[in-house]
Amino acid sequence: MTEVEETLKRIQSHKGVIGTMVVNAEGIPIRTTLDNSTTVQYAGLLHQLTIKAKSTIRDIDPQNDLTFLRIRSKKHEIMVAPDKEYLLIVIQNPCE
Amino acid sequence: MEIVYVYLKKRSEFGKQCNFSDRPADLNIDILPNPELAAQFVERNPVDTGTQCSVSMSEHEANTERFEMESRGVNHVEGGWPKDVNPLELEQTIRFRKKVEKDENYINAIMQLGLIMEHCIKQNNAIDIYQEYFDDEEEVEVTEEASSAKTINVFRDPQEIRRTATHLSWHPDGNRKLAVAYSCLDFQRAPVGMSHESYIWDLENPNRPEMALKPSSPLVTLEYNPKDSHVILGGCYNGQIACWDTRKGSLVAELSTIEFSHRDPVYGSIWLQSKTGTECFSASTDGQVMWWDIRKISEPTEVVILDITKKEQLESALGAISLEFEPTLPTKFMVGTEQGIVISCNRKAKTAAEKIVCTFSGHHGPIYALQRNPFYPKNFLTVGDWTARIWSEDSRESSIMWTKYHMAYLTDGAWSPVRPAVFFTTKMDGTLDIWDFVFKQSDPALSLKVCDEALFCLRVQDNGCLIACGSQNGTTTLLEVSSGLSTLQRNERNIASSMFERETRREKILEARQKEMRLKEKGKAEGKDDDQRDEELATNLEEMVAQAEKEFFDIVFTELKKKEVEAMAKKTKPQKKASLEMDEEVEGDYTGEEEEVSDEKSV
């Protein structure tokens, strides 16, 4: 368990990272560094988006699968790493 | 074997006009198949032909029904918790989370995902992967894409009784709102129950106007204050000037008193450049131009009567239909009149008579639009009757450039704010023309049919890309112009200014020549007395023609009578001959007379 802690701490300490969260398959945030309302919003929306993205990749080529999802917006970049049961979401402010 | 068709024509009928008539089909030649010739052919086997095996496809275009959009928000509430966990109970949720964190899967998953994630994070920090590398380089000249414009949005008048959209004004900040003035300009034919409201539309929402302005009389013109975007000036159909503050609501904030206002609909109203930002002026077909301060709008601060004979007579004043003011030339303004004359005025003149500086006449009908070129203010565009004309202040006799006469009346026109050589015009048949005279001078560069009914007004947004045009049944269409027409081409300013100068010089030379010719004629006229005689002859021409006709017929009838008398005399001699002669004479009367008459004349 401490490895998990370490990993998440390390990720959070990188330059520009605003927040990190882990969401399970039902969209429940397991671990988060942001406040509850924001987390709930991100969790709900990104969960659906990831499922859609995954099904898109799979529809085009059933052999393929989604490995990473990156959404770049004007203000920051949202990165989603999907797994079978969990989602790791990181919001970073890319320094340019 | 030669196939020949023979026909005959009399020599006397050469040159006669063709009289076509129907006749049934005529078989000229019939060549029957000859089976013996088939023996000369050799059969070819195999024969190569090409075929194509592909999916047959067809292209269809369908226009969807207009759909209504509404903005809605979703409130996110926590959910997804299993049944036994109550999301509000902190203990339960913490317990649940702790349980999940102990799961083997969880640990493995996080380790894996953490790895990938770190890679991306570091990537982001190391280099901007979305950096544009070739931004600094000059954009390569985009090869001529055909200029185009497409409709982005249509704003329809929500009222049942449709009114004409008579004036448009863009919001000064950001241009995301459009104020449209609606009124019925048919003289005294406004339908009963027509609403007086005018609307402000938000470009994002074409279904419902953002705000309604409620004057006591329909608005003919509407203008946002360029300094204060909450203040709107409106000119009413009954001649009053009204002012709104959009923060305060839809009712009129200030209204001028009807006794001191115009007597006719206010066709032009523009804000002035002033320190207070509260001054404006308006013009109407009653022949007056009035200056107002909206803080004290009950009375105009100044009135000028558009009497070009400089006698200040309201009876001989010309009605104003368009007004022009350029903030860079604050002392001058121009008025376009119903009589087709543009009057250039100086605001700062001491006496009212000196206010009117000069006039430019050239249109046959009211001048509906008048605007200076934003890059070269000495040249201005006027739109009226069937043409659009470009004038130069130096050339007063005639315009320096003009379009051909169109089939429909031109109702409004405007320069493009980004390109000095581009201007837009709208016509009564619902077309919008975009003219680019560095590209083509005789025709519009692009002509679009926007709608089936007449277009009444036009306004270009400050970035030169979006154009709004209002039509007769109140529909405002928003069009986007292709980038070729809204970006400044290299060298365009030079070309445009040199064209203006060249045309101005040409007009000046023509003017000078005409003056010379007029002086010469005057000189001649003064020397001769025949002038008077010429005039008298001219008036008597008609009488002379009548006289000549009478003489001619008299001669003809006398000849006829003579012939009859001779014929009667000859009757006693061989009757056949006489009858023949008579027949001939009767038939050939007309021609015979002419010949006789001509013989007489020649004799």
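Note that this is a predicted model, so its numbers are computed, not measured. (Residues numbered from 1 in each chain as written. Chains lettered and ligands numbered in written order. Predicted model: local features only at pLDDT ≥ 70, side-chain atom pairs only at ≥ 80, totals over all residues. Heavy atoms only, no water.)

Description of the overall build of chain B
Then step 1. Per the secondary structure count, chain B includes eight helices and 28 strands.
Then step 2. Within chain B, the fraction of its 603 residues that count as buried is 39%.
Then step 3. Accessible surface computed for chain B: about 38,900 Å², of which carbon and sulfur atoms make up 52%. (Helix = DSSP H or I, 4+ residues; strand = E, 2+ residues; numbered from the N terminus. Buried < 20%, exposed > 50% of the residue type's maximum accessible area, 1.4 Å probe, protein only. Areas by Shrake-Rupley, 256 points an atom, 1.4 Å probe, with all protein chains shown as cover.)

A short note on the interface of chain B and chain A
Many analyses report the size of an interface as the accessible area lost when the parts associate.
Then step 1. Of the residues lining the interface, 32 residues belong to chain B; the matching set on chain A comes to 37 residues.
Then step 2. Summed over both sides, the interface of chain B with chain A buries roughly 3,300 Å², with 64% coming from carbon and sulfur.
Then step 3. At the junction of chain B and chain A, the tally comes to two salt bridges.
Then step 4. Across the pair Arg10 of chain A and Glu118 of chain B runs a salt bridge, and its minimum N-O distance is 2.7 Å.
Then step 5. Elements supplying a minimum of two residues to the side of chain B that touches chain A: helix H1 (90-102) and helix H2 (104-126) of chain B.
Then step 6. Classifying every residue of the side of chain B that touches chain A gives 17 nonpolar, eight polar and seven charged. (Contact = heavy atoms within 4.5 Å. Buried area = accessible area lost by both parts, 1.4 Å probe. Salt bridge = Lys/Arg side-chain N within 4 Å of Asp/Glu carboxyl O. Nonpolar A, V, L, I, M, F, W, Y, C, P; charged D, E, K, R; others polar.)

Section: the side chain of Glu511 of chain B
Then step 1. Residue placement: Glu511 of chain B occurs in helix H5 (residues 492-527).
Then step 2. When residues no more than four places from it in sequence are discounted, the contact partners of Glu511 of chain B are Ser395, Arg396 and Glu397 of chain B.

A short note on unusual backbone geometry
Residue and element names in this part refer to chain B.
Then step 1. Following Asn45, the chain continues to Pro46 via a peptide bond in cis, the omega torsion being 0 degrees.
Then step 2. Tracing the backbone shows Pro46 in the segment before H1.
Then step 3. Despite not being glycine, Asp385 shows a phi value in the positive range, around 40 degrees.
Then step 4. With respect to the element layout, Asp385 can be found in the loop between strand S19 (379-384) and strand S20 (387-392).
Then step 5. A relative accessible area of 4% means that Asp385 is categorised as buried.
Then step 6. One non-glycine residue with positive phi stands out, namely Asn491, at about 75 degrees.
Then step 7. As for its placement among the helices and strands, Asn491 is situated in the loop between helix H4 (483-486) and H5.

As for the confidence of the model for chain B
All names here are of chain B.
Then step 1. Model confidence for chain B is summarised by a mean pLDDT of 82, while 90% of its residues fall at 70 or above.
Then step 2. When mean pLDDT is compared element by element in chain B, strand S23 (residues 422-427) scores highest at 91, while helix H8 (residues 589-602) scores lowest at 44.
Then step 3. Across residues 581-603, where pLDDT falls below 50, the model places 16 contacts with residues more than four positions away in sequence or in other chains.
Then step 4. Here the predicted complex scores 0.60 on pTM and 0.81 on ipTM. (pLDDT = per-residue confidence, 0-100.)

Re the nonpolar core
Then step 1. Formed by 25 residues in total, the largest nonpolar core has its most connected members in Val22, Met79, Leu88 and Val90 of chain A together with Tyr106, Met117 and Ile121 of chain B.
Then step 2. Here the element with the most residues in this core is H2 of chain B; it accounts for eight residues.
Then step 3. With sequence-adjacent residues up to four places away left out, Val22 of chain A is seen in contact with Leu8, Ile28, Pro29, Ile30, Arg31, Tyr86, Leu87 and Leu88 of chain A together with Tyr106 and Ile110 of chain B. (Core = buried A, V, L, I, M, F, W, Y, C linked by side-chain atoms within 4.5 Å.)

A few points about the sheet that holds strand S13 (residues 302-305) of chain B
Residue and element names in this part refer to chain B.
Then step 1. Pairing within the open sheet is antiparallel, and its four strands lie in the order S10-S11-S12-S13. The open sheet has two edge strands, strand S10 (266-271) and S13, and neither has a second partner. Strand-to-strand twist of the sheet, defined as the mean angle between neighbouring strand axes without regard to direction, takes the value 15 degrees.
Then step 2. Strand direction decides the pairing type here: strand S11 (residues 279-284) and strand S12 (residues 288-293), joined by five bridges, are antiparallel. Counted as the bridge partner of Ser282 is Met290 from S12. (Pairing = 2+ DSSP bridges. Axes fitted to C-alpha atoms, helices over the stretch in contact; angles between N-to-C directions.)

Quick look at the pairing of strand S8 (residues 241-245) of chain B
Residues and elements named next belong to chain B.
Then step 1. Within S8, five of the five residues are buried, leaving the element largely enclosed by the surrounding structure.
Then step 2. Of the two faces of S8, the one carrying Ile241, Cys243 and Asp245 and the one carrying Ala242 and Trp244 are both buried.
Then step 3. Connecting strand S7 (residues 231-236) to the antiparallel partner S8 that follows it, the hairpin turn spans four residues, and Gly239 within it adopts a positive phi of roughly 100 degrees.
Then step 4. With two bridges connecting them, S8 and strand S9 (residues 254-255) associate as antiparallel partners. The residue bridging Cys243 from the neighbouring strand is Glu254, located in S9.

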